[in-house]
Amino acid sequence: MLSQRISKYFLVAVVTVAALPLAAQSKHSAVEGAWPIIAGGGISRFNVTYPNVKSSTMEGPSFWADWVDIPFVPRQIGLQAEYRRINMGAPKDAPQLRTNAFLGGPTYTIPLSRLAVYAKGLIGYGTLDFPPFGSYNHDSRTIYGFGGGLQYRAWNSIWLRGDYEYQYWPDLFLIGGMHPNGVTFSVGYDFRTLHRAF
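One structure accompanies this document, and this report is about it. Given the structure is predicted, the values throughout are model-derived calculations rather than measurements.

1. Points about the nonpolar core
Moving on, step 1. Grouped together as the largest cluster of nonpolar side chains are 19 residues, with contacts concentrated most on Tyr 50, Leu 97, Leu 128, Phe 130 and Met 178.
Moving on, step 2. Here the element with the most residues in this core is strand E6 (residues 115-133); it accounts for 3 residues.
Moving on, step 3. Leave out the neighbours within four places in its chain, and Met 178 touches Val 48, Thr 49, Tyr 50, Leu 128, Gln 167, Tyr 168, Trp 169 and Leu 172.

2. As for unusual backbone geometry
Moving on, step 1. A positive phi is found at Thr 49, a non-glycine position, where the angle reads about 55 degrees.
Moving on, step 2. On the secondary structure map, Thr 49 appears in the loop between strand E2 (37-47) and strand E3 (57-67).
Moving on, step 3. Positive phi, normally seen in glycine, also occurs at Ser 113, with a value near 60 degrees.
Moving on, step 4. Looking at where Ser 113 falls in the secondary structure, it is placed in the loop between strand E5 (98-112) and E6.

3. Concerning the packing of aromatic side chains
Moving on, step 1. The tally for this structure, following the rule as stated, stands at 9 aromatic pairs.
Moving on, step 2. Between Tyr 83 and Phe 102, the aromatic rings sit 4.8 Å apart at their centres with planes inclined by 35 degrees, giving tilted as the arrangement. Of this pair, Tyr 83 sits in strand E4 (residues 77-86) while Phe 102 sits in strand E5, placing them 19 residues apart in sequence.
Moving on, step 3. Using a relative accessible area of 41% as the deciding quantity, one classes Phe 102 as partly exposed.
Moving on, step 4. Taken together, a centroid distance of 6.4 Å and an interplanar angle of 20 degrees make the contact between Tyr 144 and Tyr 168 stacked. Note that Tyr 144 is positioned in strand E7 (residues 136-153) and Tyr 168 in strand E8 (residues 158-172), a separation of 24 residues in sequence.

4. Quick look at the environment of Gln 167
Moving on, step 1. The residue Gln 167 is located in strand E8 in this model.
Moving on, step 2. As a C-alpha pair, Gln 167 and Phe 146 span 21 residues in sequence and 6.4 Å in three-dimensional space.
Moving on, step 3. For Gln 167, the contacting residues outside a window of four places in its chain are Phe 46, Arg 84, Ala 101, Leu 103, Ile 143, Tyr 144, Gly 145, Met 178, His 179 and Pro 180.
Moving on, step 4. Within polar-contact distance, the side chain of Gln 167 engages the side chain of Trp 169 at 3.0 Å.

5. So, the side chain of Asp 190
Moving on, step 1. Turning to its location among the elements, Asp 190 is positioned in strand E10 (residues 181-190).
Moving on, step 2. On the basis of relative accessibility, which here comes to 1%, the residue Asp 190 falls in the buried class.
Moving on, step 3. Residues within four places of Asp 190 in sequence aside, it is in contact with Ile 37, Ile 38, Arg 153, Ser 157 and Trp 159.

6. So, the pairing of E2
Moving on, step 1. Strand direction decides the pairing type here: E2 and E3, joined by 11 bridges, are antiparallel. Pairing of Gly 40 across the sheet is with Trp 64, part of E3.
Moving on, step 2. The pairing of E2 with E10 spans 10 bridges and is antiparallel. The residue bridging Asn 47 from the neighbouring strand is Asn 181, located in E10.

7. Quick look at a nonpolar patch on the surface
Moving on, step 1. A contiguous nonpolar surface patch, about 880 Å² in accessible area, is contributed by Val 73, Ile 77, Tyr 108, Ile 110, Leu 112, Leu 115, Val 117, Leu 150, Tyr 152, Leu 160 and Val 187.
Moving on, step 2. Elements represented by at least two residues in the nonpolar patch include exactly E5, E6 and E7.
Moving on, step 3. A per-element tally of the nonpolar patch places E5 first, with 3 residues.
Moving on, step 4. Turning to its location among the elements, Ile 77 is positioned in strand E4.
Moving on, step 5. With a relative accessible area of 33%, Ile 77 lands in the partly exposed category.

Reading the values: rules and limits
- Residues numbered from 1 in each chain as written.
- Predicted model: local features only at pLDDT ≥ 70, side-chain atom pairs only at ≥ 80, totals over all residues.
- Heavy atoms only, no water.
- Core = buried A, V, L, I, M, F, W, Y, C linked by side-chain atoms within 4.5 Å.
- Buried < 20%, exposed > 50% of the residue type's maximum accessible area, 1.4 Å probe, protein only.
- Helix = DSSP H or I, 4+ residues; strand = E, 2+ residues; numbered from the N terminus.
- Contact = heavy atoms within 4.5 Å.
- Phe/Tyr/Trp six-rings, centres within 6.5 Å; stacked < 30°, edge-to-face > 60°.
- Polar contact = N/O pair within 3.5 Å; in protein donor to acceptor, adjacent residues only side chain to side chain.
- Pairing = 2+ DSSP bridges.
- Patch = residues over 30% accessible without salt bridge, like charges linked within 9 Å, V, L, I, M, F, W, Y side chains within 5 Å.
- Areas by Shrake-Rupley, 256 points an atom, 1.4 Å probe, with all protein chains shown as cover.
- Salt bridge = Lys/Arg side-chain N within 4 Å of Asp/Glu carboxyl O.

In short, the description is geometric, and any link to function would need to be established separately.
Below, the structure is given as structure tokens:
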């Protein structure tokens, strides 16, 4: 009787031990970053350099996204896309003054532990609203931007960024060329810290 009971327990133990490797996978076979993107937004303060205006320093929102860790490309090289609308604090002698800039291009980043230094060269499209010359009060152009800045990883996924950018807007009819430039302070989220498992 006792031997039968022991043999049953032994059989249950053997079957249980044999079945353990067949149990559902408790750990993922691989984990990778969800997206190699850092994206954020902030506030820009730019000197629009509009001619014949005493002070054309204005503010507005800015949004950006960096594609990092591009396959088959050195880790320091990335791509940035940005949108900036300078529409707040227009000067009294040019209350219609507004700019929109959509720019994109390569970046070069030097990581220094939690701090990173980067440079960028961009090309894109800009629009300008300005005091009317007759019915002429809006123009658009291909524009160019150059700049760089510092970014600091404040937390696992959160980056703080300070950015300087100089833009070149080729000759606009009756206005001439413009050279808007200014700084942007923003907060970004690193989507690489989201992981998908499979």
